[in-house]
Amino acid sequence: MDYLELKITCREEFREILIAELSEIGYDSFLETEEGFDTYAEIDQFDRQVFEEILNRYREVAAIRLQENTVQKTNWNEEWEKNYDPIAVDDLVYVRASFHPSQSGFQHEIIINPKMSFGTGHHATTFQMLRLQGRIDHRGKRVLDVGSGTGILAIMAHLLGADEIQAFDIDDWCVDNGNENFVLNSLPIQMGLGTIRSVQPIGPFDIILANINKNVLLDELDIYASLLKNEGYLLLSGFYTEDIQDLVDHCKPLDLHLLSQESKENWAALVMKKG
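Now for a look at the structure at hand.

Parameters and conventions
Residues numbered from 1 in each chain as written. Predicted model: local features only at pLDDT ≥ 70, side-chain atom pairs only at ≥ 80, totals over all residues. Heavy atoms only, no water. Helix = DSSP H or I, 4+ residues; strand = E, 2+ residues; numbered from the N terminus. Rg over C-alpha atoms; globule rule 2.2 N^0.38 Å. Buried < 20%, exposed > 50% of the residue type's maximum accessible area, 1.4 Å probe, protein only. Salt bridge = Lys/Arg side-chain N within 4 Å of Asp/Glu carboxyl O. Core = buried A, V, L, I, M, F, W, Y, C linked by side-chain atoms within 4.5 Å. Contact = heavy atoms within 4.5 Å. Axes fitted to C-alpha atoms, helices over the stretch in contact; angles between N-to-C directions. Parallel < 35°, antiparallel > 145°, perpendicular 65-115°, else oblique. Nonpolar A, V, L, I, M, F, W, Y, C, P; charged D, E, K, R; others polar.

**As for the overall build of the protein**
Scanning the protein from terminus to terminus reveals 9 helices and 14 strands. The C-alpha radius of gyration computed for the protein amounts to 18 Å, which stays within 12% of the reference 19 Å derived for 275 residues, consistent with globular compactness. Its C-alpha atoms give the protein principal-axis dimensions of roughly 50 × 45 × 35 Å. Buried residues in the protein amount to 52% of all 275 residues.

**Details of the pattern of salt bridges**
Opposite charge on two side chains makes pairing possible when the charged atoms of those side chains draw close. Under the defined criterion, the tally for this structure stands at 21 salt bridges. The partner of Glu68 in a salt bridge is Arg48, with the nearest N and O atoms 2.7 Å apart. Linking Glu68 in strand β4 (residues 65-72) with Arg48 in helix α2 (residues 48-58), this pair joins segments that are 20 residues apart in sequence. Exposure remark for Arg48: the relative accessible area of 36% places this residue in the partly exposed category. For Glu52, the salt bridge is made with Arg59, and the minimal N-O distance between the two is 2.9 Å. On the basis of relative accessibility, which here comes to 28%, the residue Arg59 falls in the partly exposed class. A network of salt bridges, in which partner residues are shared, links Arg48, Glu52, Arg59 and Glu68.

**Observations concerning the nonpolar core**
One finds Val95, Ile110, Leu130, Ile165, Phe182 and Leu235 to be the most contacted residues of the largest nonpolar core, which totals 33 residues. Sorting the residues of this core by element identifies β5 (87-89), β6 (93-96), α4 (124-133), α5 (152-159), β9 (164-169), α6 (172-184), β11 (205-211) and β14 (267-274) as the ones contributing at least two each. Per-element tally for this core: the top contributor is α5, with 6 residues. Residues in contact with Leu235, not counting those within four places in the same chain, are Met129, Leu132, Gln133, Ile136, Ile207, Ile208, Leu209, Ala210, Leu270 and Val271. By size, the runner-up hydrophobic cluster in this structure holds 27 residues, among which are Val146, Ile212, Val248 and Leu256.

**Some words on the packing of helix α8 (residues 214-227) against helix α9 (residues 244-251)**
Here α8 crosses α9 at 10°, and the two axes come no closer than 10 Å. Our classification of the angle between α8 and α9 gives roughly parallel. Along its contact with α8, which presents Lys214, Leu217, Leu218 and Leu221, the element α9 presents Asp246, Leu247, His250 and Cys251. Of the residues that constitute the contact of α8 with α9, the class distribution is 5 nonpolar, 1 polar and 2 charged.

Honestly, it's all geometry; don't read function into it.
What follows is the structure, given as structure tokens:
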């Protein structure tokens, strides 16, 4: 089956926004590049009108350029393998693909074969979430990973000693990929498919991880708060530094209080504590 490869060049600060927008209309395969990202669509199911409406909304402000190619689905893995390098989060964790050698000098190692799901550790949001996880005691804890993507944060929770982990994502492609990564890292769970409302995870949880976009976070914060134990931790990312105050203000009436914050390349990450 032939696919359209849509190579989108845009300003860095709009890459995550565009990925989120396209995810809402059914795109579930993305490959981040230095200039922007690539996404794919089956030619016979490609809705150009809806796709162009989103691009036109941001075309000028995000300096969007589009290149289209026709590719075979079997070529996708070759593309990310050519562009995927290992990363290191301090001395906490070394994230590599199965075709990379191990590296000494790290407390933990995660093997991620992303297959175009979001969450390889390269993006500033995932990098910061991993770093923040390393600062929180996961031993014996119940952890919920919302919008798990490749499953990298759930795997990190497992390595840090979490006793029980639940993870889910809205994209079946991510779920398949995440479950493959769980096997690679000896995490004996299955990723669920759906939104937090349809999956209905059963709390309470000691730690909730949510690396999504700002609009989804604002919509679901009350659910996170209801599922979180008193004195539990909520780790948030997927938004810009200028959005921090909006998130903090929304958290206050939910008895979620800012414990710490970080930023990297204008992307923010927060640790909220309940109670």
